[in-house]
Structures are given as structure tokens and as C-alpha cells.
Amino acid sequence: MSGDEAFAVAAVAAERMADAVRPIVLSYYRGNVPTDEKADLTPVTAADRDAETRIREMIEEAFPGHGILGEEHGSVRLDAENVWVLDPIDGTKSFITGKPLFGTLIALVHRGRPVVGIIDAPALDERWVGVEGKPTTLNGAAVNVRACPKLGGAWLYATAPEMFVGSDSAAFERLRDSCRGVVYGADCYAYGLLANGTVDLVCEASTKPYDYCALVPVVRGAGGVISDWGGQPLGIGSDGRVLAAGDAAAHAAALQILAG
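What counts, and at which threshold
Residues numbered from 1 in each chain as written. Predicted model: local features only at pLDDT ≥ 70, side-chain atom pairs only at ≥ 80, totals over all residues. Heavy atoms only, no water. Pairing = 2+ DSSP bridges. Helix = DSSP H or I, 4+ residues; strand = E, 2+ residues; numbered from the N terminus. Contact = heavy atoms within 4.5 Å. Axes fitted to C-alpha atoms, helices over the stretch in contact; angles between N-to-C directions. Salt bridge = Lys/Arg side-chain N within 4 Å of Asp/Glu carboxyl O. Buried < 20%, exposed > 50% of the residue type's maximum accessible area, 1.4 Å probe, protein only. Expected span 1.5 Å × (residues − 1). Arc of directions from axis to C-beta. Phe/Tyr/Trp six-rings, centres within 6.5 Å; stacked < 30°, edge-to-face > 60°.

A. Looking closely at the sheet that holds strand β8 (residues 126-131). Strand order in the open sheet formed by eight strands is β4-β3-β5-β6-β7-β8-β9-β10, and the pairing between neighbours is mixed. Each end of this open sheet is capped by a strand with a single partner; those strands are β4 (74-76) and β10 (141-142). Sheet analysis places strand β7 (residues 113-121) next to β8, joined by six bridges and oriented antiparallel. Across the sheet, the residue bridging to A121 is E126, located in β8. Along the sheet, helix α1 (residues 4-28) contacts β5 (82-90), β6 (103-110), β7 and β8; its crossing angle with β7, the most-contacted strand, is approximately 30 degrees. Where helix α2 (residues 46-62) meets the sheet, its contacts fall on β3 (67-70), β4, β5 and β6, and the angle it forms with β5 comes to roughly 155 degrees.

B. Broad picture of the pattern of salt bridges. Enumeration over the complete set of coordinates arrives at 17 salt bridges. Note that E72 is salt-bridged to K38, the shortest N-O span being 3.6 Å. Residue E72 is found in the loop between β3 and β4, and its partner K38 is found in the loop between β1 (35-37) and β2 (43-45); the two are separated by 34 residues along the sequence. With relative accessibility at 21%, the residue K38 sits in the partly exposed group. With its nearest N and O atoms 2.7 Å apart, the salt bridge here joins E81 to R111. Of this pair, E81 sits in the loop between β4 and β5 while R111 is found in the loop between β6 and β7, placing the two residues 30 residues apart along the sequence. Under the relative-accessibility criterion, E81 is labelled partly exposed at 33%. Residue R111 is classed as exposed on the basis of its relative accessible area of 61%. Residues participating in the shared-partner salt-bridge network are E15, D19, R22, D120, D125 and R127.

C. Inspection of α2 at higher detail. For α2, spanning 17 residues, the distance from its first C-alpha to its last is 25 Å, which sits close to the expected 24 Å at 1.5 Å a residue. Among the residues of α2, A46, A47, D48, A51, E52, I55, R56, M58 and I59 are the ones counted as buried.

D. Representation of helix α8 (residues 248-259) within the structure. For α8, which comprises 12 residues, the first-to-last C-alpha distance of 17 Å matches the rise-based estimate of 16 Å (1.5 Å per residue) to within 8%. Listed in full, the buried residues belonging to α8 are A250, H251, A254, L255, I257 and L258. All buried residues of α8 fall inside an arc of 165 degrees around its axis, so they share one side. The exposed set on the far side of α8, more than 90 degrees from its buried face, consists of A248, Q256 and A259. In this fold, the buried residues of α8 make contact with α4 (167-178), β13 (201-204), β14 (225-227) and β15 (242-245).

E. Region of the structure containing the packing of aromatic side chains. On inspection of all chains with the given rule, the structure shows eight aromatic pairs. Look at F95 and F102: their rings are 5.0 Å apart centre to centre, the planes differ by 85 degrees, and that puts the pair in the edge-to-face class. Residue F95 is classed as buried on the basis of its relative accessible area of 1%. Residue F102 is classed as buried on the basis of its relative accessible area of 1%. Considering the side-chain rings of W128 and Y189, the 5.4 Å spacing of their centres and the 80 degrees angle between planes classify their relative orientation as edge-to-face. Placement of W128 in strand β8 and of Y189 in helix α5 (residues 189-196) is noted, with a sequence separation of 61 residues between them. W128 sits in the buried class, given a relative accessible area of 0%.

F. Summary view of the side chain of S94. When you line up the elements, S94 lands in helix α3 (residues 92-96). S94 sits in the buried class, given a relative accessible area of 5%. What S94 contacts, discounting residues up to four positions off in sequence, is K99, G185 and D187.

What follows is the structure, encoded as C-alpha cells:
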């Protein structure tokens, strides 16, 4: 699979996957969902596992030669030209506690580059779709980032301050202190808000490929910039530190501050 037409076909398939898992996720939402702790002490629910199982079934049926990397059920064929990267519920803590800012993340990575990304927020009936070479949409309507070249006027989002450890914590504090304000706790939803033009920066660390791969086409298709903290493109092998901005000038300024 290569080229804009093939990516568009994959995006249609990704939306079907998101359609299929919405009722699975919502059937557990604000209910007595069975919850366990993984080895890293993060929570995982039956909704996470069931949703990823369904997506993987659909991928194996439609694209049997593609690779899959999922948060809950591991990886297969990671050396394939095309690899699907899945987070069935990004923001599991929000999901468990009844906050609607969780999302299903579905990405297609082609030759190491994220080219299709879905942020689906089932509880809010909102879905961002990013496809390389096309405008990002929210529920079918194109969205755009906003201009905000000065960090002093920028609203910064991050999932939680605890995700920044060691020197990353000091770097994030420098960025936070340079911005207009910081808001925590939106997980993947923050990147949708950035694509909408209501948030200016999102800075995170300690993330995994299934946390960020789907965000790349969404942010870029809305006119934004997203990279690691060194300004390099994000892919499956990135170090988990993410910086997204609606304005390229703000992104460049933020990179300088993070670098110290």
C-alpha cells in the first residue's frame, strides 16, 4: 500500500474499525467495568481488551499482510511495510472514573511514517480523522489550528505532570512557565483541541507509539507541527517525548526551551 489513494482506502477502513468498537467501549462506560493493573501499575479494563480484539480481527480480515502493534495484545509482523498501531482506550483513568475525554486511537504507519490517524471520542460522539495529504476533519468538517507565535499567549496541555521525570521535569517546567497557562488531564483529546484551534501546545513524555502515532496525521493535516523534543519526526521507534503546536514559530520556540 502506498500513495494518497491507498491511504484514503485505509482511512475508510480505520473509520469502520472505530465504528465497530464504539458500542463495545460505551457498553462498559460508567458501569462496573472489570479492571486490572498491568506490570507497570497502569490500569487496564475489559473494554480495552475487547475493543482491541475487535480491531485486530478487522485488520487481519481486510489487511492480512499488515503488521499490528497494540497496547493490550502485543505485536505481529512489525517488519511489514504497513503497521497498524492501536490504543483501544487512550485515557483509561478518565474512562474508569467516568470522564468523557478518553479516546480510541487507530494509526497506520507506512514505512515508518504515520499516514492515517483516528482520534475517536465515543462518549462525546466526536471523531478526528487525519490522512496524509488531506485536511483533518472533525465529524466530517475540516478543522484548522490557530496562529499563536508567542509562547506568552499560548495555552499548553499535558496529560499529567507526573509523566515528566528527571531532567524532563525541569524542561517541562521551563516550558510551562513560558506559556499563558497549562491544563492537565485531556490525554489524546488535547490533540484534537489543538487541531480545532483552541489549544496551542501539547507537550508530553513517557508515552508509547500507540499513544502518539495516530496523533501525527491529525495534527499535521490541520496545519500543525508535531515532533519529538529534538524536532525529529515521530515513529514507532521514537523516545516517547512529544511536542505538538498549532503554530510553527511556537513549536520552534518551545523546542529551544525544552533543550535548555
